[in-house]
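Here's the letter readout for the chains.
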6 protein chains.
Amino acid sequence: MTDAFVPDTRRWDDLAGPSLVAATSERSIAVVPIGAIEHHGPHLPLRTDALVAEAVATAAVERAAAAGIDAWLLPTITYAKSDEHHWAPGTLWIEGTTLLDQLIELGRSIAMTPVKTLAFVNGHGGNVMLLGWANRELRRRYGLRSFSMPAGAGAAGDGLQGRPDELGQGIHAGFGETSVVMHLAPHLVAPDLPPRNVPERIAGMTHIGFNRKPVMFGWTSDDFGPTGVIGDPTGANAAHGKVLFEQGVAFVSEALAEIDRFEFA
Amino acid sequence: MTDAFVPDTRRWDDLAGPSLVAATSERSIAVVPIGAIEHHGPHLPLRTDALVAEAVATAAVERAAAAGIDAWLLPTITYAKSDEHHWAPGTLWIEGTTLLDQLIELGRSIAMTPVKTLAFVNGHGGNVMLLGWANRELRRRYGLRSFSMPAGAGAAGDGLQGRPDELGQGIHAGFGETSVVMHLAPHLVAPDLPPRNVPERIAGMTHIGFNRKPVMFGWTSDDFGPTGVIGDPTGANAAHGKVLFEQGVAFVSEALAEIDRFEFA
Amino acid sequence: MTDAFVPDTRRWDDLAGPSLVAATSERSIAVVPIGAIEHHGPHLPLRTDALVAEAVATAAVERAAAAGIDAWLLPTITYAKSDEHHWAPGTLWIEGTTLLDQLIELGRSIAMTPVKTLAFVNGHGGNVMLLGWANRELRRRYGLRSFSMPAGAGAAGDGLQGRPDELGQGIHAGFGETSVVMHLAPHLVAPDLPPRNVPERIAGMTHIGFNRKPVMFGWTSDDFGPTGVIGDPTGANAAHGKVLFEQGVAFVSEALAEIDRFEFA
Amino acid sequence: MTDAFVPDTRRWDDLAGPSLVAATSERSIAVVPIGAIEHHGPHLPLRTDALVAEAVATAAVERAAAAGIDAWLLPTITYAKSDEHHWAPGTLWIEGTTLLDQLIELGRSIAMTPVKTLAFVNGHGGNVMLLGWANRELRRRYGLRSFSMPAGAGAAGDGLQGRPDELGQGIHAGFGETSVVMHLAPHLVAPDLPPRNVPERIAGMTHIGFNRKPVMFGWTSDDFGPTGVIGDPTGANAAHGKVLFEQGVAFVSEALAEIDRFEFA
Amino acid sequence: MTDAFVPDTRRWDDLAGPSLVAATSERSIAVVPIGAIEHHGPHLPLRTDALVAEAVATAAVERAAAAGIDAWLLPTITYAKSDEHHWAPGTLWIEGTTLLDQLIELGRSIAMTPVKTLAFVNGHGGNVMLLGWANRELRRRYGLRSFSMPAGAGAAGDGLQGRPDELGQGIHAGFGETSVVMHLAPHLVAPDLPPRNVPERIAGMTHIGFNRKPVMFGWTSDDFGPTGVIGDPTGANAAHGKVLFEQGVAFVSEALAEIDRFEFA
Amino acid sequence: MTDAFVPDTRRWDDLAGPSLVAATSERSIAVVPIGAIEHHGPHLPLRTDALVAEAVATAAVERAAAAGIDAWLLPTITYAKSDEHHWAPGTLWIEGTTLLDQLIELGRSIAMTPVKTLAFVNGHGGNVMLLGWANRELRRRYGLRSFSMPAGAGAAGDGLQGRPDELGQGIHAGFGETSVVMHLAPHLVAPDLPPRNVPERIAGMTHIGFNRKPVMFGWTSDDFGPTGVIGDPTGANAAHGKVLFEQGVAFVSEALAEIDRFEFA
């Protein structure tokens with residue numbers, strides 16, 4: 001195997017099969033960005049979640065690799081579990097069970113290589129619970145070490161921190177996410193931002209809430225109004241987006257380093 | 001329907017079909033306890049999670065009803081998603097997808113009655129993400145309002161608060177859970193408690209962790225040692241269990257009250 | 001294993017995992033009550049089938065154990081195959097295929113313990129064929145010995161004998177079933193019983209019929225009228241219910257004894 | 001439609017689509033023979049069950065049609081639920097769930113025609129419970145009237161009566177079935193018949209048994225010995241087979257007549 | 001095994017299980033005719049595809065056997081993937097995934113015998129891609145050598161050559177297929193043939209087309225008009241049908257000979 | 001809707017949901033590249049098929065749009081049906097049924113927009129039959145017009161023409177495919193090309209073959225030798241790859257134009 005041709009790359013799929021076997025080891029980490037193609041209000045592109053996940057993961061893999069972590073980037077999963085935006089034309093989503101099968105089968109393939117560790121970098125809050133479920137399936141079925149993390153460093157499902165006056169409800173197409181897209185793809189953001197749409201009633205609840213509150217609830221994004229925005233995009237700006245993006249890259253690369261030295265007990 | 005016989009009960013299944021139609025309305029809440037039958041170390045009964053979920057939900061429904069909330073108790077789901085304890089003889093578990101189908105079909109039935117709100121009271125951390133997923137399916141498919149909450153008031157998946165020196169890792173058969181079973185069913189707790197088994201390495205991690213840390217990971221309970229305990233049951237006692245139990249009942253009954261007045265926007 | 005704590009119980013789930021391994025052997029029988037939560041006319045509780053199955057199985061396990069049979073009671077399966085009552089609000093049912101998966105996966109778990117024999121005690125006629133199917137899957141897939149039986153001693157699918165003038169059609173919420181619930185849970189039976197609803201046309205057929213006739217047919221309970229009763233509850237009484245219940249307990253405990261000494265050839 | 005060409009036939013699939021629409025009505029009955037391709041001892045052909053079901057159904061449809069019943073014969077389902085003979089090379093079987101899907105989808109097609117009644121004529125005991133299940137699905141999903149019956153007139157699952165000294169255990173490749181194949185296809189029966197293999201232990205049981213006893217049990221045919229025979233083929237003869245076959249034809253044609261005048265209430 | 005009774009037959013299911021083991025070897029080929037029961041215009045029987053597949057396969061197996069090829073005929077699969085005719089009453093079809101499962105499970109059974117080669121003879125264009133998919137599953141899962149071929153020798157999915165003025169569009173109930181049915185079952189062909197219905201627009205396309213053009217497209221047969229004919233049945237005749245049939249038999253028997261000597265490399 | 005912000009793009013997912021609704025019409029075509037991540041010998045990257053499909057589709061959409069065809073590019077499906085390379089480490093594949101579900105659900109989403117036409121541009125021969133199947137499901141279920149085509153203009157499943165001395169067997173990692181990757185991503189091609197591996201035995205067959213022969217067969221790529229190459233990469237060069245690539249772009253853009261004016265009848 002030592003003579004296998006290995007191009008200068010951190011992309012798994014840039015390699016030939018035998019090269020991948022030669023280049024990887026039990027220390028290697030397969031990094032899988034996962035996003036969504038879904039309605040993000042009238043101002044953000046449908047691929048917002050895939051864009052952010054892929055950009056953060058790509059930069060984080062490079063940074064981790066530079067620090068000696070043997071991370072490999074896999075193709076981004078774009079079509080994902082966007083059932084909460086099913087009502088909005090343009091959303092391209094697949095059933096959660098179809099996505100779960102896809103992740104389990106992806107892990108089955110990875111388990112046939114020297115690589116035994118998998119890390120999902122997730123740009124879409126709606127995938128969080130499915131990823132947690134998939135992690136366990138991959139551990140039980142194939143003995144993989146499997147991790148999942150947001151592409152950002154905040155408390156929302158995709159890790160993109162909101163603004164205080166979003167009251168913790170800036171989870172979709174709000175200040176944070178709009179800012180990050182302004183940084184990454186400013187030409188795709190509409191010049192006119194939609195108005196604030198913060199579900200203040202929910203913010204005021206004691207037990208029920210989107211994140212960090214103990215009572216979860218089922219919702220689709222049209223439960224909160226017709227724009228599909230949950231949060232407040234007004235005032236979003238690329239400079240803040242750059243900060244959030246870099247926080248995300250730093251977080252993911254540090255997380256990869258921690259995964260690298262992870263042991264169960 | 002006004003002449004339907006309605007016995008003095010808060011159990012859904014104590015009623016006849018026509019009585020249920022007469023006794024319930026769009027304000028009613030169907031409360032479904034869900035636990036597990038799974039290995040809980042050498043000292044706790046296999047039905048620990050089902051026991052706690054059912055006991056808390058039953059008491060909370062009574063308390064909520066006394067406060068004017070029209071809550072109805074449904075039969076406890078006992079066999080659940082215990083894939084993390086699949087290795088331990090005695091565990092009786094079903095595939096997550098089978099359980100998800102069961103919950104979706106249960107919701108389909110409820111949607112045929114006047115009741116439009118569903119609340120799962122969960123005693124097993126391993127069900128948390130599946131319940132979050134199910135909530136959304138029930139909202140999208142049947143228009144139900146669907147909620148899920150732990151049976152306890154703490155940060156672990158089942159809400160049973162640990163002890164500080166468990167370092168946030170007391171998630172299974174540890175101090176909190178052992179104490180609660182000592183309170184609810186002391187005759188079922190072994191006199192000799194197993195030793196502390198806190199995954200301190202994981203406790204010391206920055207990003208990766210069981211709860212409240214951003215990086216989730218796949219594990220089965222034997223990853224942390226042969227007893228299946230994750231936490232420290234030593235020192236557990238019924239008095240503390242009583243406190244935790246009552247916290248759980250208070251939490252769930254308050255959550256039901258908040259669900260009763262819940263509106264999306 | 002000899003030091004495992006084994007409380008005084010016949011409930012599987014009262015034990016800890018290691019205790020179960022210590023307390024059971026290849027001679028042990030796992031007894032699974034299975035019922036339904038379904039419309040039983042305007043006078044009987046929705047949980048009629050689960051109530052009867054659980055009460056009979058519990059008493060029969062105690063009696064069998066007293067006679068030296070190593071029977072263990074598992075949690076009752078309440079939500080089951082009630083597609084014939086799908087039209088009636090209050091019925092809580094799951095698809096047959098979901099229930100079949102649940103039973104197969106339950107058997108998979110049992111096969112990991114010393115116990116190699118499984119016996120379903122069934123309170124719902126609509127489960128009969130599914131249980132017969134499941135028995136074979138459990139034998140083929142896991143090598144278990146698997147049995148299913150009605151909770152009563154009569155000819156109907158749930159074994160609850162009717163009255164002669166029900167013409168063998170008293171299969172749902174009729175004389176037998178109403179009487180047994182009057183015995184087990186009198187406070188849940190409506191004071192006014194619905195009228196006789198015996199499908200006499202079918203009773204008069206030569207080949208087609210519910211039980212013991214060679215031609216089976218598909219039906220839902222509203223095919224026979226709006227009450228959902230199939231039989232004649234008038235005259236039902238707790239005294240007769242007690243007789244039927246005790247017949248059921250005797251039958252199931254004797255069947256468990258026969259299972260205990262069962263050999264294929 | 002009155003000009004559609006309708007050949008002289010009772011086979012559904014002899015007709016063109018528009019001819020079928022013209023020739024059938026709500027009074028028509030679609031008759032579906034269903035058998036199996038499975039091991040039947042060393043002396044009978046693998047297609048025994050399909051052979052008998054098709055022969056009986058074909059003759060019965062002709063007889064019923066001659067009596068004015070508008071019965072139509074559909075193609076025989078040959079590959080079926082033979083999981084109890086899965087161990088025996090030559091058996092060609094499909095999973096029960098695959099067969100159930102097939103039957104449900106077949107019913108969906110029939111429901112698009114004028115025909116609203118379906119009758120399965122079954123030559124294989126292992127299909128009995130699946131057919132009972134399917135009948136209900138077809139009624140609930142498509143509003144069809146669906147019936148299933150054995151191809152013979154006796155108590156075994158396929159209706160082929162045994163001999164008294166088979167003690168009710170002659171359910172597979174025994175006296176009755178061997179005799180019928182000797183009548184229908186004598187050139188396919190081995191000249192040397194295998195020895196008696198009656199599970200006498202089971203015959204002697206009070207509660208557990210194959211048919212007409214209340215406790216069902218899971219088995220595969222190799223549980224009773226290596227030949228796969230359950231019963232006693234010795235002494236089987238074509239003359240008796242002719243009697244059984246004619247009983248079967250008479251039974252099925254009478255059953256079709258009863259189906260023709262069937263009403264629920 | 002040498003004493004097993006083996007009747008003079010090429011039908012797999014004429015044999016007993018042990019006879020099949022004795023009579024077959026790794027050189028044997030299991031031949032499975034597969035057709036459809038589907039609308040074929042107002043003039044052809046619904047079983048056209050099953051009829052042709054079975055007739056061709058039967059004759060080809062005999063011819064191949066006479067030439068020393070150890071081919072065995074299995075029961076015809078009649079209900080198949082006719083989703084393109086789902087709209088036409090009389091069509092009896094099953095979902096493609098159900099059929100795929102059936103084929104995979106059939107292969108699983110065959111793999112338990114000495115026979116390691118499988119050949120589908122297909123009379124229905126709508127099955128072609130499913131068969132190609134199945135071939136690979138059977139190779140990967142069970143190590144079988146699996147082949148599929150049309151029942152005719154032409155370019156259409158079922159191999160029945162059209163007439164030049166059908167412009168390659170005579171794929172369903174056109175000149176070729178009508179002629180073959182006139183040969184095989186003249187009494188089932190309506191005396192009045194429907195008019196030409198050639199999708200000339202599609203014939204004139206450069207890239208898009210039914211066969212032998214690179215761009216495939218989704219269609220149902222009512223996309224081309226109300227009769228369900230795609231082609232031109234006018235002028236069809238039994239003499240030409242005989243030619244086509246004999247070409248089909250010659251093609252399939254030669255293909256079986258080539259399969260007999262097939263090696264991968 | 002006329003005020004929706006529409007950036008200058010042909011990417012579906014660059015748009016916001018409302019912008020997509022404003023920018024598209026029933027004339028629009030959703031173009032979905034689909035490839036694979038699979039072993040392509042020791043010399044080509046695992047993403048060869050995804051690379052080619054995406055590059056061709058992207059260029060063809062631009063060209064078609066310039067010619068007035070309203071084509072929109074969707075995210076590439078990378079993980080696909082590579083079961084024939086399942087044995088080779090590095091291959092990342094999902095079950096065909098999972099992919100089929102994904103395509104059907106993707107079509108369901110598209111059908112909620114103004115767009116009613118879908119075109120798959122396929123870089124992987126192993127997807128061909130699945131795509132043909134999917135086209136029909138999308139037509140039947142959602143009324144879409146659905147097309148699939150190779151990314152190249154030749155006869156192989158992916159359309160990449162081989163060299164004459166490959167005898168029509170250059171279907172995987174051979175002359176054509178190697179040349180195209182040399183053109184598109186020369187830095188990813190190993191300097192040493194593996195030797196010719198043409199299955200000449202199959203080339204010499206009359207009926208059985210990969211393409212354009214009537215008998216299909218099941219294979220996995222290791223059936224033809226250990227390198228996974230099927231064809232002859234020696235002599236491959238970027239200049240020829242450029243020719244093939246441009247042929248592919250021309251073919252796909254012309255096919256899109258034909259789709260644009262496609263009518264069934």
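Rules of the game
Residues numbered from 1 in each chain as written. Chains lettered and ligands numbered in written order. Predicted model: local features only at pLDDT ≥ 70, side-chain atom pairs only at ≥ 80, totals over all residues. Heavy atoms only, no water. Contact = heavy atoms within 4.5 Å. Buried area = accessible area lost by both parts, 1.4 Å probe. Salt bridge = Lys/Arg side-chain N within 4 Å of Asp/Glu carboxyl O. Polar contact = N/O pair within 3.5 Å; in protein donor to acceptor, adjacent residues only side chain to side chain. Helix = DSSP H or I, 4+ residues; strand = E, 2+ residues; numbered from the N terminus. Nonpolar A, V, L, I, M, F, W, Y, C, P; charged D, E, K, R; others polar. Pairing = 2+ DSSP bridges. Axes fitted to C-alpha atoms, helices over the stretch in contact; angles between N-to-C directions. Buried < 20%, exposed > 50% of the residue type's maximum accessible area, 1.4 Å probe, protein only. Right-handed = clockwise from strand over helix to strand, strands pointing away. Expected span 1.5 Å × (residues − 1). Phe/Tyr/Trp six-rings, centres within 6.5 Å; stacked < 30°, edge-to-face > 60°. Least-squares fit on C-alpha atoms with pLDDT ≥ 70 in both. Left-handed = near helix turned anticlockwise from the far one by under 90°. Parallel < 35°, antiparallel > 145°, perpendicular 65-115°, else oblique.

Asks: I'd like a description of the interface of chain A and chain B, backed by residues and values.
Replies: Taken together, the contact pairs 52 residues of chain A with 52 residues of chain B. Between chain A and chain B, roughly 5,000 Å² of surface is buried when both sides are summed, and carbon and sulfur atoms account for 62% of that area. On the chain A side of the contact with chain B, Trp133, Arg136 and Arg140 of chain A bury the most area, a combined 17% of that side's loss. Linking chain A to chain B there are eight salt bridges. Residue Glu84 of chain A pairs with Arg136 of chain B through a salt bridge whose shortest N-O separation is 3.2 Å. At the boundary of chain A and chain B, one finds 18 residue pairs in polar contact (both at pLDDT 80 or more). Counting residues per element, the ones that place at least two in the side of chain A that touches chain B are α3 (96-110), α4 (128-142), β4 (145-150), α6 (200-203), β5 (216-217) and α7 (238-260) of chain A. With 11 residues, the top contributor of residues to the side of chain A that touches chain B is α4 of chain A. Taken together, the residues of the side of chain A that touches chain B sort by class into 25 nonpolar, 12 polar and 15 charged. In terms of strand pairing, β4 of chain A meets strand β5 (residues 216-217) of chain B through two bridges, oriented antiparallel. Bridge pairing in β5 of chain B places Ser148 of chain A opposite Met216 of chain B.

Asks: How would you sum up the sheet that holds strand β4 (residues 145-150) of chain F? Please name residues and give values.
Replies: Taken in spatial order, the five strands of this open sheet run β5(E)-β4(F)-β3(F)-β1(F)-β2(F), and their pairing is mixed. Bordering the open sheet on either side are β5 (216-217) of chain E together with β2 (71-73) of chain F, each of which pairs with just one other strand. Bridging between strand β3 (residues 117-122) of chain F and β4 of chain F involves six bridges; their strand directions are parallel. The residue bridging Phe120 of chain F from the neighbouring strand is Ser148 of chain F, located in β4 of chain F. Against the sheet, helix α4 (residues 128-142) of chain F makes contact with β5 of chain E together with β1 (29-34), β3 and β4 of chain F, and its axis sits at roughly 170° relative to β4 of chain F, the strand it touches most.

Asks: Summarise unusual backbone geometry; cite the residues concerned and give the values.
Replies: A positive phi angle, close to 65°, is found at Ala173 of chain C, a residue other than glycine. Relative to the elements of secondary structure, Ala173 of chain C occurs in the loop between β4 (145-150) and α5 (175-184). The residue Leu167 of chain F is not glycine, and still its phi comes out positive at about 60°. Here Leu167 of chain F is to be found in the loop between β4 and α5 (175-184).

Asks: Before we move on, could you go through the pattern of salt bridges and cite the residues and values that matter?
Replies: Taken as a whole and assessed by the stated rule, the structure comprises 116 salt bridges over all chains. With a shortest N-O distance of 3.9 Å, Asp14 of chain C and Arg11 of chain C are connected by a salt bridge. Judged by relative accessible area, Asp14 of chain C falls into the buried class, the value being 6%. Taken together, the shared-partner salt bridges in this structure form one network comprising Glu95 of chain A, Glu137, Arg140 and Arg141 of chain B together with Arg108 of chain F.

Asks: Break down the interface of chain F and chain A for me, citing the residues and quoting the values.
Replies: Frequently, the measure chosen for interface size is the accessible area removed from exposure when the parts meet. With 52 residues of chain F at the interface, the matching set in chain A holds 52 residues. Taken together, the two surfaces of chain F and chain A that pack against each other cover about 4,100 Å², and 61% of this comes from carbon and sulfur. Applying the counting rule to chain F against chain A returns six salt bridges. If you look at where chain F meets chain A, you find 22 residue pairs in polar contact (both at pLDDT 80 or more). Of all the elements in the fold, those that place two or more residues in the side of chain F that touches chain A are α1 (17-23) and α3 (96-110) of chain F. Considering every element that reaches the side of chain F that touches chain A, the biggest residue donor is α3 of chain F, with eight residues.

Asks: I'd like to hear about the sheet that holds strand β1 (residues 29-34) of chain E, residue by residue, with values.
Replies: Spatially, five strands are ordered β2(E)-β1(E)-β3(E)-β4(E)-β5(F) in an open sheet, and the strand pairing comes out mixed. Sheet topology places β2 (71-73) of chain E together with β5 (216-217) of chain F at the edges, where each strand pairs with a single neighbour. Relative to β1 of chain E, helix α2 (residues 48-66) of chain E is tilted by about 160°, and along the sheet it contacts β1, β2 and β3 (117-122) of chain E.

Asks: Give a description of the pairing of β1 of chain F that names residues and reports values.
Replies: Residues and elements named next belong to chain F. By the criterion of burial, β1 is predominantly enclosed, with six of the six residues buried. By the alternation rule, side chains of β1 split into Ile29, Val31 and Pro33 and Ala30, Val32 and Ile34, which are all buried. As paired strands, β1 and β3 are joined by six bridges and run parallel to one another. Note that in β3 the partner of Ile29 across the bridge is Thr117. Regarding the hand of the β-α-β motif, the stretch spanning β1, helix α2 (residues 48-66) and β2 is right-handed.

Asks: Describe in detail helix α2 (residues 48-66) of chain A, supporting the description with residues and values.
Replies: All names here are of chain A. End to end, α2 covers 27 Å across 19 residues, agreeing with the expected 27 Å (1.5 Å per residue, within 8%). Along α2, the positions that sit buried rather than exposed are Thr48, Asp49, Ala50, Leu51, Val52, Ala53, Val56, Ala57, Ala60, Val61 and Ala64. For α2, the elements touching its buried residues are β1 (29-34), β2 (71-73), β3 (117-122), α5 (175-184) and α7.

Asks: An account of the packing of aromatic side chains is needed here, citing residue identities and associated values.
Replies: What the rule picks out here adds up to 63 aromatic pairs over all chains. Ring geometry for Phe264 of chain A and Phe217 of chain B: centres 6.1 Å apart, planes at 40°, overall tilted. Of this pair, Phe264 of chain A sits in the segment after α7 while Phe217 of chain B sits in strand β5, on two different chains. Of the residues examined, Phe264 of chain A reaches a relative accessible area of 11% and is grouped as buried.

Asks: If you had to explain the relation of the copies chain A and chain B to someone new, which residues and values would you point to?
Replies: In screw terms, the move from chain A to chain B is a rotation of 180° and a rise of 0.0 Å along the axis, fitting with an RMSD of 0.0 Å. Here the symmetry operator amounts to a two-fold rotation axis. Closest approach to the rotation axis within chain A is made by the C-alpha atom of Met129 of chain A, at a distance of 2.4 Å. A share of 100% of the interface residues of chain A reappears at the interface of chain B, consistent with the copies meeting face to face through the same patch.

Asks: Which residues make up the pairing of strand β3 (residues 117-122) of chain B, and what values go with them?
Replies: Residues and elements named next belong to chain B. Burial runs high along β3: six of the six residues are buried. The two faces of β3 match: Thr117, Ala119 and Val121 on one face and Leu118, Phe120 and Asn122 on the other face are all buried. Read as a crossover between parallel neighbours, the route from β3 over helix α4 (residues 128-142) to strand β4 (residues 145-150) is right-handed.

Asks: Tell me what's going on with the packing of α3 of chain F against α4 of chain F, and back it up with residues and numbers.
Replies: In helix packing, the relevant descriptors are the interaxial angle and the interaxial distance, both defined with respect to the helix axes. Residues and elements named next belong to chain F. Between α3 and α4, whose axes approach to 10 Å, the crossing angle comes to 35°. In this structure, α3 meets α4 at a crossing whose hand is right-handed. Taken together, the residues of α4 that come into contact with α3 (itself represented by Gly96, Leu99, Leu100, Leu103, Ile104, Gly107 and Arg108) are Leu130, Leu131, Trp133, Ala134, Glu137, Leu138, Arg141 and Tyr142.

Asks: Lay out the packing of helix α2 (residues 48-66) of chain C against helix α7 (residues 238-260) of chain C in plain terms, naming residues and giving numbers.
Replies: Residues and elements named next belong to chain C. Orientation of α2 relative to α7, taken along the N-to-C sense of each, is 50°, at an axis distance of 8 Å. Comparing the axis directions of α2 and α7 gives the class oblique. Remark: the crossing between α2 and α7 carries right-handed chirality. Every residue of α7 that contacts α2 at Ala55, Val56, Ala59, Ala60, Val61, Arg63 and Ala64 is listed here: Phe245, Gly248, Val249, Ala250, Val252, Ser253 and Leu256. Taken together, the residues of the contact of α2 with α7 break down into 11 nonpolar, two polar and one charged.

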